[in-house]
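Architecture at a glance
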Amino acid sequence: MSALMSDPTLGVLMWASVAAFAAGLGVVPRLIRGTLSLGALGWANALAAGLMLGVAYLLLTEGLGEAYWAGSAGAAVGVAAVLLTRSLLGTAELDLNALHDAGPEYGYQVMLVNTVHAAFEGVAIGAAMSVSTPFGISTAVALAIHNVPEGMVLTEILHGRGVRTLHAATLAVAANLNQVLVAVVTFALVSAAPAAQPWALGIAVGSLLQLVLAELLPESYHQAGSTSIALVALLAMGMVVGLAGVGP
C-alpha cells in the first residue's frame, strides 16, 4: 500500500484494473436468473449510459476549470476519434441488439466494440488521475460500476453465440484490459506534459458523450422503450454526480 501511495502510476494501474475486472461481474445476473430479457439488457445499457454521462459531467466541471478552448478542442478530437475508429473497424452500422439471430462472427464484432469503448474509458481514468488521486479514484469506481451492466450485455450476447457463461465473463474482462494500458499511458503523458491535461480531459468528455448519445442510449431505447430508459439513465448520472459531491 505504501508503494501505491508513493508511486501514483501504480495507483492508476490498480484502479484501472479494478474497473476492467469489474466487467466480469456482469455474468452474475445470468448465473442467478438465467436468460435475460431484451428489456433487462436495455435497462443495463441505460445504467451504463447514465454512469458514463455522470463521469463526463464531472470531468468537464471538476477537471477542466478555465481551460475552455483546449478542452473544447479536445472534445472535438474525442468525438472524431470515436467516429473514425468505428468507420475503420467497420462497426459503424453494427446492430448491437441481435442476441440470438446473428452469425458466430457477430460475437467478435461486439467484443471489438466493447474494446473500443474501454480504450476511451481508459483515457478518462488516466486524465482524471492527473487532476487528483481522489478524483481519479472516484472516476475509476464509477466506470467500474458502469462496466458491470456493460459486461452483462456482452456476456448475454456471447452466450447466445454458444459461449459458456464463465468463459463469457473472462472475455468481458479481456475486452476491458486495454483500459488499463490506456489509462497508464494517458496519465504518464499528462504528467510529462501538463499542458496536455485539458486536451486529455476534453478527449475523454467528447468520446464518452459520443458513445452515450450515438450507441448506448439508442440501443437502450430500442431494447426497452424511452420512458424507463430516460429515468434509469438520469438516476445513474445523478448518483455519480451526487456521490462525487460537486461544488464546494
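Here the structure is a predicted model, which means the values were calculated and not measured.

Quick look at the overall build of the protein chain
- Within the protein chain one finds 11 helices and zero strands.
- Helices (α) and strands (β) of the protein chain occur, in sequence order from the N terminus, as α-α-α-α-α-α-α-α-α-α-α.
- Here the protein chain, with 248 residues, has 49% of them falling under the buried criterion.
- Within the protein chain, residue pairs in contact and separated by at least 24 positions form 84% of the contacts whose partners lie at least 6 positions apart.
- Counting only carbon and sulfur atoms, one obtains 71% of the accessible surface of the protein chain, whose full area is about 11000 Å².

Observations concerning the nonpolar core
- The biggest cluster of nonpolar side chains holds 47 residues, and the ones touching the most others in it are Leu-59, Ile-125, Leu-208 and Val-212.
- For Val-212, the contacting residues outside a window of four places in its chain are Ala-49, Met-52, Leu-53, Leu-217 and Pro-218.
- In terms of nonpolar packing, the next biggest core, distinct from the first, is built from 16 residues, Ala-44, Met-152, Ile-157 and Ala-168 among them.

What to know about the layout of surface pockets
- Empty space within the second largest pocket amounts to approximately 150 Å³.
- Along the walls of the second largest pocket sit 14 residues, with Ser-138, Val-141, Ala-142, Val-240 and Leu-243 positioned nearest its centre.
- Every element with two or more residues in the lining of the second largest pocket is listed here: α4 (38–63), α7 (133–160) and α11 (226–244).
- Looking at the lining of the second largest pocket element by element, the count peaks at six residues for α7.

A word on the packing of α7 against helix α8 (residues 165–174)
- One can describe the packing of α7 onto α8 by two numbers: an axis separation of 9 Å at closest approach and a directional angle of 130°. By the angle between their axes, α7 is oblique relative to α8. Helix-helix and strand crossings are classified by hand; for α7 and α8 the assignment is right-handed. On the side of α7, the interface is formed by Gly-151, Leu-154, Thr-155, Leu-158 and His-159, while α8 contributes Thr-165, Ala-168, Ala-169, Leu-171 and Ala-172.
- Tallied by class, the residues present in the contact of α7 with α8 amount to six nonpolar, four polar and no charged.

Concerning the packing of α4 against α7
- One way to put it is that α4 packs onto α7 with a least axis distance of 9 Å and a crossing angle of 160°. Between α4 and α7, the angle falls in the class roughly antiparallel. As for how α4 packs across α7, the hand of that crossing is left-handed. Here α4 contributes Ala-40, Leu-41, Ala-44, Asn-45, Leu-47, Ala-48, Leu-51, Met-52, Val-55, Leu-58, Leu-59 and Glu-62 to the contact with α7, which in turn contributes Phe-135, Thr-139, Ala-142, Leu-143, Ile-145, His-146, Pro-149, Met-152, Val-153 and Glu-156.
- For the contact of α4 with α7, the class distribution of residues is 17 nonpolar, three polar and two charged.

Digging into the environment of Val-153
- Along the chain, Val-153 turns up in helix α7.
- Relative accessible area serves as the criterion here: at 6%, Val-153 is assigned to the buried category.
- Sequence spacing of Val-153 and Ala-172 is 19 residues, and the spatial spacing of their C-alpha atoms is 9.5 Å.
- Contacts of Val-153, omitting those with residues within four sequence positions, involve Leu-41, Ala-44 and Asn-45.

A closer look at the confidence of the model for the protein chain
- Model confidence for the protein chain is summarised by a mean pLDDT of 82, while 86% of its residues fall at 70 or above.
- Predicted confidence in the protein chain is weakest over helix α1 (residues 2–6), with a mean pLDDT of 52, and strongest over helix α9 (residues 178–192), with 95.

Some details on the pattern of salt bridges
- Counted under the stated rule, the structure contains one salt bridge.
- In this structure, Glu-215 and Arg-86 form a salt bridge, with 3.1 Å as the shortest nitrogen-oxygen distance. Here the residue Glu-215 occupies a position in helix α10 (residues 197–224), and Arg-86 occupies one in helix α5 (residues 68–89), the gap between them amounting to 129 residues.
- In this structure Glu-215 comes out as buried when scored by relative accessible area, which is 6%.

Observations regarding the environment of Leu-47
- Mapped onto the elements, Leu-47 comes out in helix α4.
- Sequence separation between Leu-47 and Leu-216 is 169 residues; the distance between their C-alpha atoms is 9.4 Å.
- For Leu-47, the residues in contact, after removing those within four places along its chain, are Pro-149, Val-232 and Ala-236.

Some words on α7
- Taking 1.5 Å per residue as the helical rise, α7 with its 28 residues ought to reach 40 Å, and the 40 Å between its terminal C-alpha atoms agrees with that figure.
- Of the residues that open α7, the one with a side-chain oxygen 3.2 Å from the backbone nitrogen of Phe-135 is Ser-132.
- Among the residues trailing α7, Gly-162 stands out with phi positive, at a value near 95°.

Cut-offs applied
Residues numbered from 1 in each chain as written. Predicted model: local features only at pLDDT ≥ 70, side-chain atom pairs only at ≥ 80, totals over all residues. Heavy atoms only, no water. Helix = DSSP H or I, 4+ residues; strand = E, 2+ residues; numbered from the N terminus. Buried < 20%, exposed > 50% of the residue type's maximum accessible area, 1.4 Å probe, protein only. Contact = heavy atoms within 4.5 Å. Areas by Shrake-Rupley, 256 points an atom, 1.4 Å probe, with all protein chains shown as cover. Core = buried A, V, L, I, M, F, W, Y, C linked by side-chain atoms within 4.5 Å. 1 Å grid on protein atoms, 1.4 Å probe; cavity = no way out; pocket = protein on both sides within 12 Å on 5 of 7 lines; lining within 4 Å. Points joined across faces, edges and corners; volume = space filled by probe spheres on them. Axes fitted to C-alpha atoms, helices over the stretch in contact; angles between N-to-C directions. Parallel < 35°, antiparallel > 145°, perpendicular 65-115°, else oblique. Left-handed = near helix turned anticlockwise from the far one by under 90°. Nonpolar A, V, L, I, M, F, W, Y, C, P; charged D, E, K, R; others polar. pLDDT = per-residue confidence, 0-100. Salt bridge = Lys/Arg side-chain N within 4 Å of Asp/Glu carboxyl O. Expected span 1.5 Å × (residues − 1). Polar contact = N/O pair within 3.5 Å; in protein donor to acceptor, adjacent residues only side chain to side chain.

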